Amino acid sequence: MTTLTPILTKNWDLPNSFTLEGYGDYSAAKRALGMDPDAIIQAVKDSGLRGRGGAGFPTGMKWGFIPQNDGKPHYLVVNADESEPGTCKDIPLMMANPHALVEGIIITAYAIRANHAFIYVRGEVLHVVRRLHAAVREAYEKGYLGTGIFDSGFDLELVVHSGAGAYICGEETALLDSLEGYRGQPRLKPPFPAVAGLYAAPTVINNVESIASVPSILANGADWFAGMGTEKSKGFGIFSLSGHVTRPGQYEAPLGITLRELLDMAGGIREGHRLKFWTPGGSSTPIFTDEHLDVPLDFESVGAKGSMLGTRALQIFDETVCVLRATLRWTEFYAHESCGKCTPCREGTFWLKQVLKRLEAGQGGEEDLATITDIADNILGRSFCALGDGATSPIYSSVKYFRDEYLKHFEIGGCPFDPALSTVWGAK
Amino acid sequence: MTYSPEVRERLETDAKEIIGRYPKARSALLPLLHLVQSEDGYVSDDGHEFCAEILGLSKAEVVGVSTFYTMYKRKPAGEYHVGVCINTLCAVMGGDQIWSELTEHMGIGADETTPDGKVSLERIECNAACDFAPVMTVNWEFFDNQTPASAKQLVDDLRDGANVLPTRGPKKLCSFKDASRILAGIPDDLAGDGPSAVGPSLEGLRIAKANGWEAPK
């Protein structure tokens, strides 16, 4: 049986966990700044840490792509624009433990030889913004940021930068454009940010949880981290359970834990109901059903079953929920958040929404299922960035697993479900 | 521009400090748009002009950016800007019912403000608090685990000037303008208020402790 491993969440029950007093003394950063920067990159490579923002790219390898001695400034940008539907781990992490992030930033910036770092945090989380500003200020006051940190000769400026409401800015190149003061629209890759990122200079962009995990790797060693998880998905991560589960919340566990194990800890599906469908890692990851309860939640196993680990955002829906309604709402979200830069995504999400609305009202026909998958075929792989690809995930997977439920809408000329039964207060 | 010399001077002082944090001045545009929103309660014509002037951009460039982002309002938001999450999970858990009952109760719809200027309403997308569904926000503070009744009570209290507290936030709810100032990068001193974490945020830790589970040494 897999058990929980509180590391980043360990101090969250302290009333002052968000202060330096409640966090500790940045001993990992202090040690790191006495090391060769390349040795830090190697340690993170050896740990097997993979990006916790959804894509799972090896973090150490990303750092290694930054050209050295190139005479250009380097930048570190933390992606704290957590907005993927279902994803709710970085926000409580920054609320309760912002110093883990700040310490990770110091270590990472030193490793990639960056003297300027940014936390790009979504704007709609005011108290988290306050906590970040306060943590950064505390770190400056202690001399952990600024000039000559730990008498190492290393200087680092850290800026907390609030976004302004745009899911697309979680896409790394859109984030860079936004941080440069433009509309947040993705850039063509290559060149990748490691070569031409912020201000066309070499830039590392990492997710909050990735960076916040770095101090623990430095403190305990790469082997310690690699000792958790599975062969290719090493370490721990925060699993966020939400929806029709008895005790929703944040569960920090080794990668490879299963939904069945997590549900056992969380008291199961809400009383009197059963699991119908769920997302392994946010709405952009194809849905799973009750046949996937024992899939190890690591990058490879989830991928082998046709979905993605994503952000470990486990949105749980019981049998009261209409899968077509869920798909329509996600589609409305993608249409709303599509940045408009490329035609397949901008037009495709718009038309998906129109067709799905008609289907939900029971006014469609079976040929419409071919239409929506055809539209999805014209978005997937043909749009500028991953937003378009993500928009197709609920379409394909819901039609794959719940085709009959779509058909039922046409048969009875409407939705067979009562939405009141899905609410927290509606179903007994 | 119709800003008085005093207002303009104050904004300029703040703006220059913000611009100074960035290697390139234009990076300050998003913070500056939050700043002018903190003055007017929306990004006004004056606000656009101010940002353009201080960054050496055309007004069209600034408008092009501000209209891309949903948090910049094009008409005055209420003193309390209320969001109801209607993304899939919150909608299913009750957000849809909250929205329909709340709009009926208030007699206003999406992106509208009550005649007294107190409360504006927005259908918000996922706000990264799904384990607290259904979620609402007021001036971007969390109001977790809402019901139709609690939502209606909340807006009534806001309109009556009663003391309303976020579930994970400070002991005082600031105005929309004050919130915009924090987002501009000029925080107030309330970071120490409120809990580190509550409820669902602590669920995994609580279970781990109860079972004596720890990370490997």
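Thresholds applied
- Residues numbered from 1 in each chain as written.
- Chains lettered and ligands numbered in written order.
- Predicted model: local features only at pLDDT ≥ 70, side-chain atom pairs only at ≥ 80, totals over all residues.
- Heavy atoms only, no water.
- Domains from an automatic or database assignment.
- Buried < 20%, exposed > 50% of the residue type's maximum accessible area, 1.4 Å probe, protein only.
- Helix = DSSP H or I, 4+ residues; strand = E, 2+ residues; numbered from the N terminus.
- Pairing = 2+ DSSP bridges.
- Axes fitted to C-alpha atoms, helices over the stretch in contact; angles between N-to-C directions.
- Contact = heavy atoms within 4.5 Å.
- Salt bridge = Lys/Arg side-chain N within 4 Å of Asp/Glu carboxyl O.
- UniProt positions renumbered as here; feature names shortened; annotations may be inferred.
- Arc of directions from axis to C-beta.

Asks: Whenever I open this one, the domain arrangement of chain B confuses me. Can you help?
Replies: Each domain of chain B was delimited in the assignment, giving domain 1 (5–66) and domain 2 (80–174). Computed over C-alpha atoms, the centres of domain 1 of chain B and domain 2 of chain B are 29 Å apart.

Asks: I'm lost on the pairing of strand E2 (residues 119–124) of chain B in this one. Help?
Replies: Residues in a regular strand project their side chains so that they alternate between the two faces of the sheet. Residues and elements named next belong to chain B. In terms of burial, E2 is largely enclosed, as 5 of its 6 residues are buried. Sheet topology places strand E1 (residues 80–85) next to E2; 6 bridges connect them, and they run parallel. Paired with Tyr 80 across the two strands is Val 119, which belongs to E2.

Asks: Is there a simple way to think about the sheet that holds strand E4 (residues 154–162) of chain A in this case?
Replies: The pairing of strands in a sheet comes from backbone hydrogen bonds and takes either a parallel or an antiparallel form. Residues and elements named next belong to chain A. Strand order in the open sheet made by the 5 strands is E3-E4-E2-E1-E5, with mixed pairing throughout. Looking at which strands have only one partner, the edges of the open sheet turn out to be strand E3 (146–149) and strand E5 (203–207). Direction aside, neighbouring strands of the sheet carry axes that sit 25° apart on average. In the sheet, E3 pairs with E4 via 2 bridges, with the strands oriented antiparallel. By the bridge assignment for E4, Gly 146 is matched with Leu 156. In this fold helix H6 (residues 98–112) packs onto strand E1 (75–80), strand E2 (116–121), E4 and E5, with an angle of close to 130° to the strand it touches most, E4.

Asks: Would you mind going over the pattern of salt bridges with me for this structure?
Replies: Where charged atoms of side chains with opposite charge meet at close range, the side chains can pair. Within this structure, the stated rule accounts for 42 salt bridges over all chains. When the shortest N-O distance is used, the salt bridge between Glu 171 of chain A and Lys 189 of chain A registers 3.9 Å. A residue pair is termed long-range when its members are at least 10 positions apart, and Glu 171 of chain A in the loop between E4 and helix H8 (172–179) and Lys 189 of chain A in the loop between H8 and helix H9 (193–196) qualify at 18 residues. Taking the relative accessible area as the measure of exposure, Lys 189 of chain A reaches 32% and is therefore partly exposed. For Lys 276 of chain A, the salt bridge goes to Glu 405 of chain A, with nearest N and O atoms at 2.7 Å. One end of the pair, Lys 276 of chain A, is in strand E8 (residues 275–279); the other, Glu 405 of chain A, is in helix H17 (residues 386–412), with 129 residues separating them in the sequence. For the pair formed by Lys 276 of chain A and Glu 405 of chain A, the shared burial category is buried. Ionic contacts of the salt-bridge type, sharing partners, join the residues Arg 325, Arg 329, Glu 332 and Lys 357 of chain A together with Asp 96 of chain B into one network.

Asks: Explain the UniProt feature "binding site: [2Fe-2S] cluster" (unreviewed entry) in chain B to me, please; I cannot follow it from the model alone.
Replies: Sequence positions flagged by UniProt for "binding site: [2Fe-2S] cluster" (unreviewed entry) are, in local numbering, Cys 85, Cys 90, Cys 126 and Cys 130 of chain B. Taking the farthest pair of C-alpha atoms as the criterion, the annotated set spanning 46 residues converges on one region, since that pair is 9.6 Å apart. Inspection of the secondary structure puts Cys 126 of chain B in the loop between E2 and strand E3 (136–138). In this structure Cys 126 of chain B touches Ser 83, Glu 84, Pro 85, Gly 86 and Arg 122 of chain A together with Cys 85 and Asn 87 of chain B, once residues within four positions along its chain are discounted.

Asks: I'm lost on helix H4 (residues 59–66) of chain B in this one. Help?
Replies: Given 3.6 residues per turn, any residue in an α-helix points the same way as the ones three and four places further on. All names here are of chain B. Buried residues of H4: Val 62, Val 65 and Ser 66, and no others. Angularly, the buried residues of H4 cover 95° about the axis, an arc narrow enough to put them on a single face. Contacts from the buried residues of H4 go to helix H2 (29–40) and helix H3 (45–55).

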